[in-house]
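# Close look at the chain arrangement
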Amino acid sequence: MIDVAIVGAGTTGISTAIESKKLGVENVAIFEKGESYLTTIRKFYKDGKRVDRDYKGQEVTLKGSIDFCDGNKESTLDLFGSLLSSNQIDLKPQTDIERISKTEDGFELLSSGGESFKARFVVIAIGKMGQPNKPSYAIPLPIRSLVNFNANSIQKDEKLLIVGGGNSAVEYAYDLCKTNPTTLNYRRSEFARINDANAQELQKVISSGELQTKLGVDIVALSEDSGRVCVEFADSTKETYDRIIYAIGGSTPLDFLQKCKLELDEKQTPKSSEIHETSIQDLFIAGDIALQSGGSIAIGLNHGYEIAQEIAKRLKN
Ligand SMILES: Cc1cc2nc3c(=O)[nH]c(=O)nc-3n(C[C@H](O)[C@H](O)[C@H](O)COP(=O)(O)OP(=O)(O)OC[C@H]3O[C@@H](n4cnc5c(N)ncnc54)[C@H](O)[C@@H]3O)c2cc1C
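Another point: the packing of aromatic side chains. Within this structure, the stated rule accounts for 4 aromatic pairs. Ring centres of Phe31 and Phe117 lie 4.6 Å apart, and the angle between their planes is 55°; on these two criteria the pair is classed as tilted. Of this pair, Phe31 sits in strand β2 (residues 28–31) while Phe117 sits in strand β8 (residues 116–124), placing them 86 residues apart in sequence. Where Phe149 meets Tyr246, the ring centres are 5.9 Å apart and the plane angle is 25°; that geometry is what we call stacked. Here Tyr246 lies in strand β16 (residues 243–246) and Phe149 lies in the loop between β9 (147–148) and β10 (160–163), a separation of 97 residues in the sequence. A residue is classified by how much of its surface remains accessible, and Phe149, at 19% relative accessible area, is buried. A network of ring pairs unites the aromatic residues Tyr137, Phe149 and Tyr246 as a single cluster.

Here we come to the environment of Ala5. With respect to the element layout, Ala5 can be found in strand β1 (residues 2–7). Spatially, the C-alpha atom of Ala5 lies 10.0 Å from that of Asp90, the residues being 85 residues apart in sequence. In contact with Ala5, not counting residues within four places along its chain, are Ala29, Phe31, Leu109, Ala119, Phe121, Val122 and Val123.

All right, on to the nonpolar core then. Membership of the largest hydrophobic core comes to 29 residues, with the highest contact counts inside it found for Ile14, Ile30, Tyr37, Phe80 and Val123. Where this core is concerned, the elements lending two or more residues are β1, α1 (11–22), β2, α3 (73–86), β8 and α7 (297–316). It is α7 that contributes the most residues to this core, 5 residues altogether. If sequence neighbours within four positions are ignored, Tyr37 has contacts with Ala9, Ile14, Arg42, Leu77, Phe80, Gly81, Leu84 and Leu91. Among the nonpolar cores identified, the runner-up in size contains 23 residues, and Leu109, Phe117, Leu257 and Leu283 belong to it.

The next point concerns the site of the ligand. The environment of the ligand is made up of 30 residues, and the closest members are Glu32, Thr40, Tyr45, Ile97 and Asp288. Lys33 places a main-chain nitrogen or oxygen 3.0 Å from a nitrogen atom of the ligand. The separation between an oxygen atom of the ligand and a polar main-chain atom of Ile297 is 2.9 Å. Protein chains shield 91% of the accessible area of the ligand, which is 1,000 Å² for the free molecule. Going through the elements one at a time, α1, α2 (39–44) and β3 (50–51) are the ones with two or more residues in the shell around the ligand. Element by element, the count of residues in the shell around the ligand is highest for α2, at 3 residues.

The rules behind these values
- Residues numbered from 1 in each chain as written.
- Predicted model: local features only at pLDDT ≥ 70, side-chain atom pairs only at ≥ 80, totals over all residues.
- Heavy atoms only, no water.
- Phe/Tyr/Trp six-rings, centres within 6.5 Å; stacked < 30°, edge-to-face > 60°.
- Helix = DSSP H or I, 4+ residues; strand = E, 2+ residues; numbered from the N terminus.
- Buried < 20%, exposed > 50% of the residue type's maximum accessible area, 1.4 Å probe, protein only.
- Contact = heavy atoms within 4.5 Å.
- Core = buried A, V, L, I, M, F, W, Y, C linked by side-chain atoms within 4.5 Å.
- Near = heavy atom within 4 Å.
- Polar contact = N/O pair within 3.5 Å; in protein donor to acceptor, adjacent residues only side chain to side chain.
- Areas by Shrake-Rupley, 256 points an atom, 1.4 Å probe, with all protein chains shown as cover.

Structural data, given as structure tokens:
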């Protein structure tokens, strides 16, 4: 059981971890879907980019212990890298958290790789830059609207192909096959990454014939076929569908929040209290993802500090 599980090793997530440690909370872990910390800064800041503390004129008085000041991309990466190592923070890279569920004694975090972690408190600090993983082959322009990464656009009776082998793909498949002719395609023939409940549901709909499967074979190309999607498989077969849903890891921040069942406001921003607690008790949200607009490194650092104070207080009681 982790005391504080933080999703996202951006500046906000790292601040939450450091401030928690400073307050004596030892059992802290950060889950990060990228290969290392500060994925947003590594990916979206140009080399040598100036990093302003008062970003876009937002003047913020820092409350916590992190001495963040004007610098550049490289000095910012160095600062947060050395904070992680000097505070011996347990960083779990390449761990894409797919959902967080409330349990009797805290939370369960599920990764797209099928791992499960338990935590007493969770802090979501995933930023706003996340995107679903896309296939390596081209998606031709005329069929782009029919190739989706969530189930939001599906129409009744459309013939569907779900692609993927993790919990999300399997859940889409067994739900959607009740309303639509549905096939599940996975490049492997075994579903090794799904939880037991999903494995049972999957088995049921396959045995009853409600769900068709195309397993152990990759897709090699997509093309248009009279306004529908023609899928070419590596075994040289072809089939045409009305719509394809890829669930091959990654997600938009909004999809993630919906999966975690957080209450959102009319602008799709997660509802949170003054102490950054979401509609679910002991589940906090911080940094860019907690804000309707704006956001900066300094704002996220303060969120992390405030959340750490609150969690440390609750852990003592
Ligand atoms: C080009 C550009 C320039 C900017 N310049 C400045 C500047 O000069 N000064 C300034 O203060 N601000 C600047 N900003 C804004 C600043 O980068 C953000 O406000 C800040 O990065 C927000 O931090 P965060 O930790 O909330 O989110 P992020 O930095 O986006 O970090 C989120 C982390 O969560 C990870 N993650 C996402 N989903 C999951 C998941 N499901 N499971 C596990 N991990 C996940 C991501 O990989 C990422 O590492 C700039 C932004 C951009 C795009």
